[in-house]
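Now for the letters of each chain:
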Amino acid sequence: MATTAAAALLAGCATINTEEGDPLADLQEAQAYNPDIPAGTGYFAERSDLPFHAPDFTRISEDDYLPAYEQAMMIHKAEIEAIKNNPAAPNFENTIVALEKAGGMLGRINTVFFALTGSNTTDRLDEINTEISPKLTEHYDAITLDPALFARVKAVYDNRAAMTMTVEDAKLLETTYEGMVHAGALLSDAEREQVKAINSQLSTLTTEFSQDARAAMSDQPVIFDSREELAGLSDSDIKSAADLATEKGFDGKYAIALQNTTQQPLLPSMENRDAREKLFMASYHRADGTTDVDTRMLIAKIAKLRADKAALFGEADWASYAMWDRMAEKPKTALDFMEQMVPALAATQRREAAMLTAAIAADGGDYEVKPWDWYRYANRIKAEQFDLDEDAVMEYFVLDKVLEDGVFYMAEKLYGLTFQKRTDLPVYHPDVTTYTVFDRDGSELGIFYFDPFQRPSKRGGAWMSNFVEQSHLYGTKPVIYNVLNIPKAPAGEVQLVSFDWVNTTFHEFGHALHGFFADQRYESLSGTATARDFVEYPSQVHEMWATWPSVLSNYAKHYETGETIPDEMIEKIEAAAKFNQGYDFGEVVEAALLDMKWSALSPAEAAAIDTPEKVDAFERRSLEELGLEIDLVPPRYRSTYFNHIFSSPAGYSAGYYSYLWTEMLDRDSRKWFIENGGLTRENGDHYRATVLSRGGTMDYFQMFQNFAGRAPDVTPMLEARGLVAGDEAADSEVSDGALPSQAVN
Ligand SMILES: [Zn+2]
């Protein structure tokens, strides 16, 4: 249509005066603007011609990536130049939408390449990754910080009040503009140089932190002189300890390597209390100067630089700067949210400690429980109380049934979806299966790839992503994959899965639904393209259906007898999930609080923490002033080895609370479903309309409000964690858990 208009205009304008300021001439010039964008070659140049543009793995070879990347970056640059050089005045279409459309080929390579490096990598792919990642960062940074490009974006943004836009257009404009501002586009040249200098110092210091924290963990195992000290460990653990000691030059002794968290997995088995204390204290004092590794001054410098960087952007502290695109948005919102859990949590910590001290006494001990005793006794009580045999539980979970009669059944009951297995699409590994997903009206909704098994070429964990993003601009439908790491049964045996993996299968499919129900014009706002403290919420909610009675009775059938899983087994699983939360949950809340306290320092406050002792004191004060039992339940990571927040320039800093925040949204939503009749099409359609179909196009509080009819409340999460009893909640200190109403706007 644009071509027709331009042609008509050109045809009738031979006599028009083209001097400056003539609007018709401007229009003519704009319409005639036909920049020279080089055409791509090879597989990635166009969308795949398979159904739904699914990737055609038969046409992709490893040697294609580097040349394709070089070409795609070159084309992307040319597209950006074309936007900058457009003689027409900047407007939404020729600047914001043009920017959104640019880089299509690069995006297609990225989606396939990073899917494969994650789930089916090779040495060659890893090499290419190492080579291409810094180039990609540089490429995208150059665009985000291009002054001429920003000038056009800003011109459109500054004119927004005068423009008529859809809600989604307005959001695209806002995120494009704010993303560039966040990177430094509004700063003066001198300030931008300061930011660059800070970024480079942060990069050096955080790399040093990560190396030191790793050295304190891997290079400094805890040495034990005798086998007696390790009584209670298995023969194979003891042999590993002997081997490690030899390797480290302590022949004839025993060495235990520290693991990532403050608690250490071997502690519960160790009978010798002094040995337990020794192992725990080595973990707790990691990198705090007790040995020759000391990260405390690195932390102080990182905190100061982050506060300084935030100040250059006019923000009070690092958290305010880092949280610009989050649901919680302000550090105070996240802090208030966590602090309101403290009374119930502290009470639970004291109650659990008393119970464990009693168990120790019953065992003949005359001491009070300490962190190094905690799990030894907690695990013992848990085993007695819940008597849960995980192998017996697994016999009710056959993988195919979990997916097709559990997850797909849930999706049918809630959303009216149906699924059909396909055999015509190429896959990147023979274990991957594909399904067409049909919508409630019978139309095709998208394609689902399921890649369940652990293998050496796959990184750990579980995740969801898209091969093709839904977009009305392009008329594309979602092509989505779920990757899990379920240990594969030996050939010929029935594939059983643990209850944890059952939960994860529902969780990852929750992400998939968020992607399938995407209803956006722009890829960059589509489906799961949402804030870090929001994106885990829809996935977590879907875990609730794994134990929903009518879903369970449809899929959880014994692999031999076909019997449905007994209710008491599920009740035990659910009751066990509430056990020991003073510790399990407490250590996470403390780590999240610690992260936020470090991130909420002003430049002056950060500058005052200028000695290693002051780092210790700040950490202690931050946790102590809240009233948690930090000597009984220390944080999951102490500052000196908190890699999430200190081992990269931004990382998860000011973001560790996200795990808790999305859990609040999740648990409160479960409550809504239960109050409204549970697994019904009406409820599913409502959730789809208000949350799952909205992508990143609107305010997250508003989204929740539209769904639940009220602001999110922390109480259901505390109930689910067993920190307050459901029927007492109304009287408890934390019942007034609704977030401050101004946060809802
Ligand atoms: Zn997830």
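Further up the page is the structure itself.
How each quantity is defined
- Residues numbered from 1 in each chain as written.
- Predicted model: local features only at pLDDT ≥ 70, side-chain atom pairs only at ≥ 80, totals over all residues.
- Heavy atoms only, no water.
- Axes fitted to C-alpha atoms, helices over the stretch in contact; angles between N-to-C directions.
- Helix = DSSP H or I, 4+ residues; strand = E, 2+ residues; numbered from the N terminus.
- Contact = heavy atoms within 4.5 Å.
- Nonpolar A, V, L, I, M, F, W, Y, C, P; charged D, E, K, R; others polar.
- Buried < 20%, exposed > 50% of the residue type's maximum accessible area, 1.4 Å probe, protein only.
- Pairing = 2+ DSSP bridges.
- Donors = N, O, S within 2.8 Å, 3.2 Å for Na, K, Ca; no water.

**Remarks on the packing of helix 11 (residues 273-284) against helix 16 (residues 371-386)**
At a minimum axis distance of 8 Å, the contact between helix 11 and helix 16 shows a crossing angle of 115°. Contacts between helix 11 and helix 16 involve Arg273, Arg276, Glu277, Phe280 and Met281 from the former and Pro371, Trp372, Asp373, Arg376 and Tyr377 from the latter. Residue composition of the contact of helix 11 with helix 16, grouped by class: five nonpolar, no polar and five charged.

**Observations regarding the environment of Gly562**
Inspection of the secondary structure assignment puts Gly562 in the loop between helix 21 (549-555) and helix 22 (567-576). For Gly562, a relative accessible area of 37% puts it in the partly exposed group. Separated by 166 residues in the primary sequence, Gly562 and Tyr396 have C-alpha atoms spaced 8.3 Å apart.

**A closer look at the pairing of strand 5 (residues 444-453)**
Within strand 5, nine of the ten residues are buried, which leaves the element mostly enclosed by the surrounding structure. Bridge count for strand 4 (residues 433-438) against strand 5 is six bridges, and the pairing is antiparallel. Residue pairing for strand 5: Thr434 is matched across the bridge by Tyr449. Hairpin connection from strand 4 to strand 5: five residues lie between these consecutive antiparallel strands, with Gly442 at a positive phi of about 90°. Where strand 5 lies against strand 7 (residues 479-486), six bridges are found, and the strand directions are parallel. Paired with Tyr449 across the two strands is Tyr481, which belongs to strand 7.

**As for the coordination of the zinc ion**
Under ideal tetrahedral coordination, the four donors around a metal are separated by 109.5 degrees; under ideal octahedral coordination, the six donors are separated by 90 or 180 degrees. Every protein donor of the zinc ion is listed here as His507 (NE2), His511 (NE2) and Glu536 (OE), and their distances to the metal cover 2.0 to 2.1 Å. Written as a sequence motif, the donor arrangement for the zinc ion is H-x3-H-x24-E. Of this pair, His507 sits in helix 19 (residues 499-516) while Glu536 sits in helix 20 (residues 536-542), and the two are 29 residues apart along the sequence. Taking the relative accessible area as the measure of exposure, Glu536 reaches 27% and is therefore partly exposed.

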